[in-house]
Amino acid sequence: MSKFKHFIGQSFIGGILVIAPIIILLLALRWAVNAVQNLIAPLTEPLVKISGAPPLLIDLAVVTLILFGCFVVGTLVATSAGRFAQHFIDKHLSRFAPGYRLIRDILQQMFGSDSNSPFTRGEVAVVQIYGRDVPARATGVVTSRHDNGWFSVFVPTGPNPTSGFVYHLPSDCVVLRPDIKLDAAFKSIIACGAGSSELGVCRPPVTTDN
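As a starting point, this report considers the structure included with it. From a predicted model like this one, the values you see are computed outputs, not experimental measurements. (Residues numbered from 1 in each chain as written. Predicted model: local features only at pLDDT ≥ 70, side-chain atom pairs only at ≥ 80, totals over all residues. Heavy atoms only, no water.)

Of regular secondary structure, the chain possesses seven helices and five strands. Listing every helix and strand of the chain by position from the N terminus yields α-α-α-α-α-β-β-β-β-β-α-α. Burial analysis of the chain (210 residues in total) assigns 21% to the buried set. Long-range contacts, defined as pairs at least 24 residues apart, comprise 37% of the intrachain contacts of the chain with a sequence gap of at least 6. Here the chain has roughly 15,400 Å² of accessible surface; of this, 68% comes from carbon and sulfur atoms. (Helix = DSSP H or I, 4+ residues; strand = E, 2+ residues; numbered from the N terminus. Buried < 20%, exposed > 50% of the residue type's maximum accessible area, 1.4 Å probe, protein only. Contact = heavy atoms within 4.5 Å. Areas by Shrake-Rupley, 256 points an atom, 1.4 Å probe, with all protein chains shown as cover.)

Right, here's the structure in full:
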């Protein structure tokens, strides 16, 4: 009887673990679609009245035009004239909208468009944030090197790697791990440490003799 109850319980939990993520994903997609529709409503509603086309078709057309506009703007920004215009816009928007620069910098860091973004150029390191005398270690990303030998290290929080803490540590508290890829380290952080054993973050880095 106990085995039967255990089987029923495990089957029920297994079903939840399969179905729940799908339901959450569908709810997230529904929220995203509704958010986009509400955002572009000032553009789509007049077009629906004028053209008489189905609202969904107009929504798709407007989203396509917006994405195409982003592509065109990105292409223009790659030119010298575009960079000048971007600098001019950034300078003046920062005066009238103080939060603009913060939002821009966050997006650049997240999407890796910034050359100094830790999500594209950082180096994985195992750090002792409490000093050499404390054995506790954390997985971090080196974001800056200083002339005195110290490192600035971003230590993400799990399961959200876009938030975390910045520590300024001496070299003896930072062990660089070039053998660990950045995406693998972030995958482990998202999994709240699962997979750390496979990465070998608690072992010395593997070196090869040339």
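Resuming the write-up.
Let us now look at the sheet that holds strand β4 (residues 164–169). Ordered in space as β4-β3-β2-β1-β5, the five strands form an open sheet in which the pairing is antiparallel. Taken across any chain shown, the strands that pair with only one partner, and hence form the sheet edges, are β4 and β5 (174–176). Adjacent strand axes in the sheet meet at a mean angle of 40° when their direction is disregarded. Here strand β1 (residues 123–127) pairs with β5 via three bridges, running antiparallel. (Pairing = 2+ DSSP bridges. Axes fitted to C-alpha atoms, helices over the stretch in contact; angles between N-to-C directions.)

Together, V18, I19, I22, I23, L25, L26, L27 and L29 give the surface a local cluster of nonpolar side chains, amounting to about 770 Å² of exposed area. Relative to the elements of secondary structure, L29 occurs in helix α1 (residues 2–51). Residue L29 is classed as partly exposed on the basis of its relative accessible area, which comes to 46%. (Patch = residues over 30% accessible without salt bridge, like charges linked within 9 Å, V, L, I, M, F, W, Y side chains within 5 Å. Salt bridge = Lys/Arg side-chain N within 4 Å of Asp/Glu carboxyl O.)

Looking only at helix α6 (residues 182–190), the buried set comprises L182, A185, F186, S188 and I189. Axial view of α6: buried residues confined to an arc of 155°, hence all on one face. Exposed residues lying more than 90 degrees from the buried face of α6 are D183 and K187. (Arc of directions from axis to C-beta.)

Soluble globular proteins tend to bury their nonpolar side chains together. Grouped together as the largest cluster of nonpolar side chains are 11 residues: A125, V127, I129, A138, V142, F151, V153, V155, L169, C173 and V174. Elements that contribute at least two residues to this core include exactly β1, β2 (138–145) and β3 (151–156). Sequence-distant contacts of V142, that is, excluding residues within four places in its chain, are made with G122, E123, A125, F151, S152, V153, V174 and L176. (Core = buried A, V, L, I, M, F, W, Y, C linked by side-chain atoms within 4.5 Å.)

Take S196: it is sitting in helix α7 (residues 196–199). Given the relative accessible area of 19%, S196 is considered buried. Among the polar contacts made by the side chain of S196, one reaches the side chain of S188 at a distance of 3.1 Å. Setting aside anything within four residues of it in sequence, one finds S196 in contact with S188 and V201. (Polar contact = N/O pair within 3.5 Å; in protein donor to acceptor, adjacent residues only side chain to side chain.)

Now for the pattern of salt bridges. Per the stated rule, a full pass over the model turns up two salt bridges. One salt bridge connects D179 with R177, and the closest N-O pair in it is separated by 2.8 Å. Taking the relative accessible area as the measure of exposure, R177 reaches 2% and is therefore buried.

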